[in-house]
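Topology and contacts: notes
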Amino acid sequence: VLTCSTGAFLGGNDTRTSLRVGMGLAQIGEFSFIIASLGVTLKVTSDFLYPIAVAVSAITTLLTPYLIRGSDGVGAWLERAAPRSVLDSLAVYTRWVGQVGGQSHAAMARKLMWRWSGQMALNSALVAAVFIAAAFVERQPPAWVKNLGLGPESLKSALWLAAVVCSLPLLIATFRKLQALGLLVAQTKVTPANAGERTAAIQAVVTQLIPVAGALALAVLVLGLSSALLPSLEVLLILLALIALITWLLWRSFIRVYAKAQAALRETFDQAPLPRAAQAPAALPTFLREADLETVVIAENSRAAGRMIRELELRTRTGASIVGIERGGASVINPGPDEELRAGDQVLLIGTRPQITAATAALQS
């Protein structure tokens, strides 16, 4: 009773609630039988422990209902008998813990609201980009679209349907965030302190009102963006029925697509920039734009194996030059004429295409 009541009080509950918790958890269940029996079997406890555990469990089982019923009376007696200074100190501690917890929850709720609002704004911008691209294709269709042989109305209908289907993962994700936002606002802004007995009813209304209002706003946004692509009313109704069917059948698939895209985007932004050595090399100067680079592996039976670069007279004979050698994971940049080539070396050649072709044949012969 004492330990459970103390723990509940330290967690921020008042004295009466803490006593209810402690007196309600006073019972020692049948699991204590197993622990006592195991201790006796393993010879780690005395033989008298098992009958004590059985007796305590039986007693607490019988007394717990009376303890629960009398917890309010004990709390009221404690409030009357305890010194006022002690009760005031306990109440101050309870209020302080509640304020600290309330502030942390409020800060977390505000953070989630801002994050979800930003994600919904980004999704809306992407939806707008999809419809703008579809309108641009309708006004200036590329060759492959013209080859489809669609009439103006058919092209508008196809582009509008494609834009809506491509936007469905974004729209569904936005609607789900609106549902979460409605629930969060209802739980954090509608409290018994400001709503009284109607708290549950108002929370239910707010939970449903925010996603419904957001869905209507999304519908208005889509209609406004697709004004240049909207087909005739009859075709529009058919397409809406088709979109409703697609949404019903592929709802979970669209959610998974959005989740995978979001995770891939997050991984991309979380990646550290490539080191300088791994970045793309700078463009070659004008006088080297006709030069090629090629790597040649020195074979064991090549006449170049075991010979120095100057002995090969590669530059004199072919015009190509050796500018690097990779050997066993180590690199030799701009090797000298006395550098010996070995079997397995990867030799980097620079020169024009005919020069490199001739040098490759010389090194591999």
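Quantities reported herein were computed from a predicted structural model and do not represent experimental measurements.

1. Structural notes on the overall build of the protein chain
When you go through the protein chain residue by residue, the secondary structure sums to 14 helices and four strands. By sequence separation, contacts in the protein chain at least 24 residues apart represent 71% of the contacts at least 6 residues apart. As displayed, the protein chain has an accessible area near 23900 Å², and 65% of this comes from carbon and sulfur atoms.

2. Things to note about the pattern of salt bridges
The tally for this structure, following the rule as stated, stands at six salt bridges. Residue Asp345 pairs with Arg327 through a salt bridge whose shortest N-O separation is 2.8 Å. Note that Asp345 is positioned in the loop between β3 (330-333) and β4 (346-351) and Arg327 in strand β2 (residues 321-327), a separation of 18 residues in sequence. Sharing partners across several salt bridges, the network here consists of Asp292, Glu294 and Arg353.

3. Comments concerning the sheet that holds β4
Strands sit in the order β1-β4-β2-β3 across an open sheet of four strands; the sheet is antiparallel. Strand pairing shows two members of the sheet lacking a second neighbour, β1 (292-297) and β3, which therefore form its edges. In this sheet, neighbouring strand axes are inclined to one another by 20° on average, regardless of whether the strands run parallel or antiparallel. Bridge count between β1 and β4: six bridges; the pairing is antiparallel. Directly across from Val297, in β4, lies its bridge partner Gln346.

4. Observations concerning helix α2 (residues 15-24)
Within α2 the residues assigned to the buried category are Ser18, Leu19, Gly22 and Met23. The arc that holds the buried residues of α2, viewed along the axis, is 125°, so those residues lie on one side.

5. Side note on helix α14 (residues 353-364)
Each α-helix winds once per 3.6 residues, and so residues spaced three or four apart point in a common direction. In this model, α14 (12 residues) spans 16 Å end to end at C-alpha, consistent with the 16 Å of a helix rising 1.5 Å per residue. Listing the buried residues of α14 in full gives Ile356, Ala359, Thr360, Ala362 and Leu363. Summarising the axial view, the buried residues of α14 lie within an arc of 165°, below the 170-degree limit, and thus occupy one face. On its buried face, α14 sits against β1, α12 (309-312), α13 (314-318) and β4.

6. Looking at the packing of helix α7 (residues 152-189) against helix α9 (residues 199-225)
Two elements in contact, α7 and α9, have axes separated by 8 Å at closest approach and are oriented at 150°. Compared by their axis directions, α7 and α9 come out roughly antiparallel. Crossing angle aside, the handedness with which α7 passes α9 is right-handed. Contact residues: α7 offers Leu171, Thr174, Phe175, Leu178, Gln179, Leu181, Gly182, Leu183, Val185, Ala186 and Gln187, while α9 offers Gln203, Val206, Thr207, Ile210, Pro211, Gly214, Ala215, Leu218 and Val222. Partitioning the contact of α7 with α9 into residue classes produces 13 nonpolar, seven polar and no charged.

7. What about the nonpolar core?
Ranked by size, the top nonpolar core spans 34 residues in total, and within it Phe131, Trp160 and Leu181 carry the most contacts. Elements with a minimum of two residues in this core: α5 (84-139), α7, α9, α10 (233-249) and α11 (251-270). In terms of residues, this core owes the most to one element, α7, which gives 15 residues. Once residues lying within four places of it in the same chain are set aside, the contact partners of Phe131 are Trp160, Ala163, Val164, Ser167, Val222, Leu225, Ser226 and Leu229. The next biggest cluster of nonpolar side chains, apart from the first, holds 15 residues, and it includes Ala304, Ile325, Leu341 and Ala362.

8. Describing the environment of Leu168
On the secondary structure map, Leu168 appears in helix α7. Judged by its relative accessible area of 6%, Leu168 is buried. Along the sequence, Leu168 and Leu250 sit 82 residues apart, while their C-alpha atoms lie 9.7 Å from each other. Ignoring sequence-local partners within four residues, the contact set of Leu168 consists of Ile243, Ile246, Thr247 and Phe254.

9. Let's talk about a nonpolar patch on the surface
A cluster of nonpolar side chains, contributed by Leu242, Leu245, Trp248, Leu249 and Leu250, occupies part of the molecular surface with about 530 Å² of accessible area. Mapped onto the secondary structure, Leu245 falls in helix α10. In this structure Leu245 comes out as partly exposed when scored by relative accessible area, which is 42%.

10. Concerning the environment of Pro337
Counting through the fold element by element, Pro337 comes out in the loop between β3 and β4. Every residue in contact with Pro337, bar those within four places of it in the chain, is listed here: Met308, Ile309 and Arg310.

11. Overview of the pairing of β3
Of the pairings in the sheet, the one linking β2 to β3 comprises four bridges and is antiparallel in character. Bridge assignment links Gly324 to a residue of β3, and that residue is Ile333. Between the end of β2 and the start of β3, which pair antiparallel, lie two residues, with Gly328 showing a positive phi angle near 60°.

Rules and cut-offs
Residues numbered from 1 in each chain as written. Predicted model: local features only at pLDDT ≥ 70, side-chain atom pairs only at ≥ 80, totals over all residues. Heavy atoms only, no water. Helix = DSSP H or I, 4+ residues; strand = E, 2+ residues; numbered from the N terminus. Contact = heavy atoms within 4.5 Å. Areas by Shrake-Rupley, 256 points an atom, 1.4 Å probe, with all protein chains shown as cover. Salt bridge = Lys/Arg side-chain N within 4 Å of Asp/Glu carboxyl O. Pairing = 2+ DSSP bridges. Axes fitted to C-alpha atoms, helices over the stretch in contact; angles between N-to-C directions. Buried < 20%, exposed > 50% of the residue type's maximum accessible area, 1.4 Å probe, protein only. Arc of directions from axis to C-beta. Expected span 1.5 Å × (residues − 1). Parallel < 35°, antiparallel > 145°, perpendicular 65-115°, else oblique. Left-handed = near helix turned anticlockwise from the far one by under 90°. Nonpolar A, V, L, I, M, F, W, Y, C, P; charged D, E, K, R; others polar. Core = buried A, V, L, I, M, F, W, Y, C linked by side-chain atoms within 4.5 Å. Patch = residues over 30% accessible without salt bridge, like charges linked within 9 Å, V, L, I, M, F, W, Y side chains within 5 Å.

By themselves these figures say nothing about function.
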